[in-house]
Amino acid sequence: MFHKIVNWRTVLLGFLGLMLAGLGAIYLAYANTEIPDANAQTNYQSSIVYWGDGETELHRFAEIQREPVSLNDVPKHVQDAVIAAEDRTFWENEGFDPVGIARAGVNALRNREISGGGSTITQQYVKNYYLTSEQTVSRKIKELFISVKIDQNTSKEKILEDYLNTVFWGRGTVHGIQTAAQSYFGKNASELSVEEGIVLAAMIPNPVIYDPDHGNTDEAKAANLERLNNRFRAIANAMVQTGALTKPQADALQVPEINPRNRGNSLGGTNGYLIDVVKRELIDLGFTEQEIEQGGLRIETTYDQKVQKAAVEAVAQQYPVDEEGEPLDPDLHVGLAGVDPETGALLGFYGGEDFIERPFNNAVYDAKLEPGSTAKPFGVAAALERDISLQSRYHGLSEIEDERFGDTPIVGNQGDAAPGRDSPDGKITLLEGLIRSTNTVFADLTLQEGYEIMQDSLSRAGVPLEDVCAGEADEDGNCISAANFEYRTLLGPFATPVVEMAEAYATLASGGYHNDWHVVERVVGPGGDVRYEHEPERERAYDSDVVADTTYGLTQVVEDDAGTAKIARELERPVAAKTGTHEDYTAAFGGYVPQLAAEVVYYKGDGSNIEKNSLRSVPGFEDGFSGGNVPGRTWTAFMQMALEGEPVEPFPEPANLGEDRTPSPTPTPTSTPTPTDEPTQDEDQECPEGTEGEYPSCYPVVEVPNVVDLTLGEAKARLSESGLDANVNPDNAPDESIVKGQDPGAGETVREGSTVRLNVEQPNDGKVRVPNVVGELESDAISILESEGLEANPQPHDFAVCPDAEDLVIVQEPAEGMVDAGSTVTIYIGEELLEPDDPECADDGGG
């Protein structure tokens, strides 16, 4: 019975019916597909870098270069190379290649993702000119239908001409065959040879990986050249298959000489270094070079125009020149960096005179220089943390000898200074050692307390531990390898970029809070979506009292007549500073005021410690190029200009921490103290309840009360009752302000008399704060806004995104801030953006 009902005729008719229904649906979709207007992304958008005000333009990464030419101006052998590389059936197909689509379909099923490989030249042109690079089935189908219609209504010659004039050929700004010919070969498209045409055809899918002059290292450029050679040979063979070349002709072809990338004058001068650091940081954040140069990004930086101008002018004023204004030594270089203590923002720096002439950055990334004695303040902080007062006494004679100093077991003072010679025991206070920059004092301190705490102190302040170690560090923060100078750490023999020392001084200037330096504050996409926003990771590195005493010591380096940093008195405001010189190879000056921290380092040549790089070889400085002369004058001039018009802010009063210790005995020459297991008198006793420390150096401690959500007046009173002081941000906030944050937090145990930092929100009558709801689900965002007394206005956000979760807030207007109660916040709803390197976001590579 069954075979009579379901026979071959029934099956055939059913199959034909399904085919007709499917064809009908396809035809209907095709008929309803209209050729759209050219999309805005056809003309790649320049990414713009802004100064810290977020409004003033600093640089455009790419000014679009395109010069359209007629197909008649493109040699036939160049056309043949492009067709052989991208679409061998171009002249015959109807805008699509069924075989290529089938091959791409098989790959899609096998890899479970949409990928390239099936696009004709017409489809690539349609995608670039009318659509987007979105990797979805719907976009691919739309691309196919439009390609067929374009092919029916437009000549093949016109399609190829428009395609060649819209292709992106790399190097940041190069669009179209004419500009590509000029950039890579210095000639017009009409003059391109067969080999040159094949090179340009080879680059179409991804010019970044085929350009031999693209990359930051010789290895990267060599890898690009190898890839280009392989693709060059493949295209030449393909031209044999299409009949454009004979086999002997193809075999004789070689990759021609390619012009280096013309980086132009836009990166010339001192600003080129600023842009290079922005680009490096963006790449570290996950942005691709193509996004950076053509993605229409709006990049807000931390750079302050006044601070940057001060850096450049200070170097220009103080750099040693002869009577005619020419450098006394052209091989003398200087790096300068200024960091905001509150946020870690790099406000300005001097990396060199001209980035095009010398792209080696003297302040950030490239130059790693010995900071010399500008490292000593971090040893003072480490000592104070161990309850060692500034009045503790250490070896003050001209030399100190111990086998732990390494191959050269003697540490000496500059100029054989011996400030301890007038003391019966040859010792001076830690404070005097800081003021006079006495090497033997800090060498003695390190011998007594251990080099590990000195390295740890520098690392917590912001100097990368691998730099302090001169090697590697393990996960626990211990040095794996070192250069045999551990007990000389505080003399600054390690090498680190200038900006890292500026960051470390910013930690002291902030009252003990560490922030990593950064230059990228915010990145907004072409559709208004916030692609990145810097979130400070402020961490407590030192107790505020430790910093108060360290800062006091550094102010005495300036104010005391014996101090090495007296030049900084010219600022005529409270200033903490320190000089540094490393064996005449580097001369440094570092310091801070509450609003700004900076470091300056001068060096010669490539910075290596060889005789020709001695700073004593600079004409006029045969007697010594010290941190206190040229670097000190440069630092002071910079701070004067950078702080012009800024209020004079005081430092906190010293806390007078610790006990006055006199380690005894001072290490004797070539001897190592032998530990003993026998406890000294009272060593095993404990401090009384309510105190901490090591007996007998016990000090009272208190528990920090919770003052969040109290008025400022109430919070101050409660802290005072607990024996604690308050440091208010902003400092002029009225007592009616509400405390929104405190550090240390409630329940923490601190030394009695410590300072608690309070972040307050001043009263705003009739005002409410707009919360940040970007990234929240639409329903959650509406609830959050309504809970704050605001109205939500959801709107669709229709720019192209990678598909993932729907109904997320992509952008909000206004952003965070204070507005009138009851105000409306517009939230733009879209789909979640994936990371830039996610495979689902990848371009199909030009077919």
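Everything that follows concerns the structure shown earlier in this document.
Per chain, the residues get numbers from 1 upward, laid out in the order the sequence is written. Per-residue local features of the predicted model are confined to residues with pLDDT of at least 70, and side-chain atom pairs are confined, for both listing and counting, to 80 or more; whole-chain, interface and lining totals are unaffected and use all residues. Processing note: side-chain calculations cover all non-hydrogen atoms of the structure and skip hydrogens and water entirely.

Visitor: Explanation requested: the overall build of the protein chain in the structure shown.
Guide: Only runs of H or I of at least four residues qualify as helices and only runs of E of at least two qualify as strands under DSSP, and these elements are numbered from the N terminus. A count of helical and extended segments in the protein chain gives 25 helices and 29 strands. Considering only contacts in the protein chain between residues 6 or more positions apart, those separated by 24 or more positions represent 70%. Values of accessible area rely on a 1.4 Å probe in the Shrake-Rupley scheme; residue burial ignores everything except the protein chains shown. A total of about 39,400 Å² of accessible surface is found on the protein chain, and carbon and sulfur atoms cover 47% of it. A contact between two residues is defined here by any heavy atoms of the two lying within 4.5 Å.

Visitor: Explain the side chain of T551 here, please?
Guide: Along the chain, the position of T551 falls in helix α22 (residues 544-559). We call a residue buried when its accessible area falls under 20% of the maximum for its residue type, exposed when it is over 50%, and partly exposed in between, using a 1.4 Å probe and counting protein chains only. Here T551 falls in the buried class, since its relative accessible area comes to 2%. A polar atom in the side chain of T551 sits 2.7 Å from the side chain of Y592. Filtering out sequence-adjacent residues up to four positions away, T551 remains in contact with L508, A576, Y592 and F651. Any pair of N or O atoms that falls within 3.5 Å is considered a polar contact. Within protein, one atom must be able to donate a hydrogen and the other to accept it, and sequence-neighbouring residues count only if both atoms are side-chain atoms.

Visitor: Where do I start with the environment of Y513 in this structure?
Guide: Locating Y513 in the fold gives a position in strand β12 (residues 513-514). You can call Y513 buried: its relative accessible area is 4%. Each C-alpha atom of the pair Y513 and P341 lies 8.2 Å from the other, and the pair is 172 residues apart in sequence. Apart from residues no more than four positions distant in its own chain, Y513 is found in contact with A506, T507, R538, E539, R540, A541, D743 and R757.

Visitor: So what exactly am I meant to see when it comes to the packing of aromatic side chains here?
Guide: Each aromatic ring pair is specified by the distance between its two centres and by the angle formed by the two planes. Working definition: rings of Phe, Tyr and Trp (its six-membered ring) pair if their centres are within 6.5 Å, and the pair is stacked with planes under 30 degrees apart, edge-to-face with planes over 60 apart, and tilted otherwise. Scanning the entire structure with this criterion turns up 11 aromatic pairs. A ring pair is formed by Y273 and F355, whose centres lie 5.3 Å apart and whose planes are at 85°; its orientation type is edge-to-face. A residue pair is termed long-range when its members are at least 10 positions apart, and Y273 in helix α13 (residues 271-284) and F355 in the loop between β7 (346-350) and α16 (376-385) qualify at 82 residues. Of the two residues examined, Y273 and F355, each falls in the buried class. Here F621 and F625 contribute two aromatic rings whose centre-to-centre distance is 4.7 Å and whose plane-to-plane angle is 45°, an arrangement assigned as tilted. Neither residue differs from the other here; F621 and F625 are each classed as buried. Clustering of aromatic rings is evident, with ring pairs tying together F378, Y505, Y592 and F651.

Visitor: Even after reading the chapter, I still don't get the sheet that holds strand β18 (residues 596-604), so can you show me in this structure?
Guide: To summarise the sheet geometry, strands pair through backbone hydrogen bonds and adopt either a parallel or an antiparallel arrangement. Reading across the sheet, the five strands line up as β7-β6-β18-β17-β16 and stay open at both edges, with antiparallel pairing between neighbours. At either end of the open sheet lies a strand with only one pairing partner, and these are β7 and β16 (576-582). Taking the axes of each pair of neighbouring strands and ignoring which way they run, one obtains an average angle of 10° across the sheet. Criterion used throughout: strands pair if DSSP finds at least two bridges between them. Both strand β6 (residues 332-339) and β7 contribute to a ladder of four bridges, which runs antiparallel. In the strand pairing of β7, G338 is matched with G348. Lines fitted to C-alpha atoms define the axes here, with helix axes fitted over just the stretch in contact, and angles between the N-to-C directions of these axes take values from 0 to 180 degrees.

Visitor: Which parts of the structure should I look at to understand a negative patch on the surface?
Guide: Taken together, the side chains of D322, E323, E324 and E326 make up a negatively charged region of the molecular surface. Along the polypeptide, D322 turns up in the loop between α15 (305-318) and β6. Nonpolar side chains (Val, Leu, Ile, Met, Phe, Trp, Tyr) within 5 Å and like charges within 9 Å form the patches, drawn only from residues with over 30% relative accessible area and no salt bridge. Counted as salt bridges are all cases of a side-chain nitrogen of Lys or Arg within 4 Å of a carboxyl oxygen of Asp or Glu. Charged-residue counts in this description rest on Lys and Arg as positive and Asp and Glu as negative, His and the chain ends being excluded. Working definition for charges: the position is that of NZ of Lys, CZ of Arg, CG of Asp or CD of Glu.

Visitor: I tried to follow the sheet that holds strand β2 (residues 57-60) on my own but got confused; where do I start?
Guide: Pairing is mixed across the open sheet formed by five strands, whose spatial order is β2-β1-β5-β13-β14. Both outer strands of the open sheet, β2 and β14 (530-533), are each paired with one neighbouring strand and no more. Adjacent strand axes in the sheet meet at a mean angle of 20° when their direction is disregarded.

Visitor: Quick question: what am I supposed to make of α16 here?
Guide: Residue pairs three or four apart in sequence face the same way in an α-helix, which turns once every 3.6 residues. Taken across its 10 residues, α16 has nine buried, putting it largely inside the fold. For α16, the full list of buried residues reads K376, P377, F378, G379, V380, A381, A382, A383 and L384. Contacts made by the buried residues of α16 are with α17 (430-436), α18 (439-449), α19 (451-461), α21 (498-509), α22 and β16.

Visitor: How should I be thinking about the packing of helix α9 (residues 194-203) against helix α11 (residues 218-242) in this particular structure?
Guide: Relative orientation and spacing of two packed helices are given, respectively, by the angle between their axes and the distance between those axes. With their axes 9 Å apart at the nearest point, α9 and α11 run at an angle of 115° to one another. As judged from the angle between their axes, α9 and α11 are roughly perpendicular. Relative to α11, the crossing made by α9 is right-handed. Along its contact with α9, which presents E195, I198, V199, A201 and A202, the element α11 presents L228, R231, F232, I235, A236 and M239. Throughout, the term roughly parallel applies to angles under 35 degrees, roughly antiparallel to angles over 145, roughly perpendicular to angles from 65 to 115, and oblique to all others. The crossing is said to be left-handed when, going from far helix to near helix, the turn is anticlockwise and less than a right angle, and right-handed when the turn is clockwise.

Visitor: Please clarify how the nonpolar core should be interpreted in this entry.
Guide: In globular proteins that are soluble, nonpolar side chains generally tend to be buried together. Nine residue types can take part in a nonpolar core, namely buried Ala, Val, Leu, Ile, Met, Phe, Trp, Tyr and Cys, and a core is a set of them joined through side-chain atoms within 4.5 Å. One finds F349 and F638 to be the most contacted residues of the largest nonpolar core, which totals 128 residues. Here the element with the most residues in this core is α21; it accounts for nine residues. One finds A84, L245, L253 and I258 within the second-largest nonpolar core, a separate group that totals 43 residues.

Visitor: It is not clear to me how the pairing of strand β17 (residues 586-593) should be interpreted in this structure. Could you clarify?
Guide: Consecutive residues of a regular strand have side chains that alternate between opposite faces of the sheet. For β17, the tally of buried residues reaches eight of eight residues, placing the bulk of the element in the interior. Residues T586, A588, G590 and Y592 line one face of β17 and the alternating positions A587, F589, G591 and V593 line the opposite face, and both faces are buried. Sheet topology note: the β16/β17 ladder contains seven bridges and is antiparallel. Counted as the bridge partner of G580 is A588 from β17. By the bridge criterion, eight bridges tie β17 to β18 in an arrangement that is antiparallel. Of the residues in β18, the one forming a bridge with G591 is A598.

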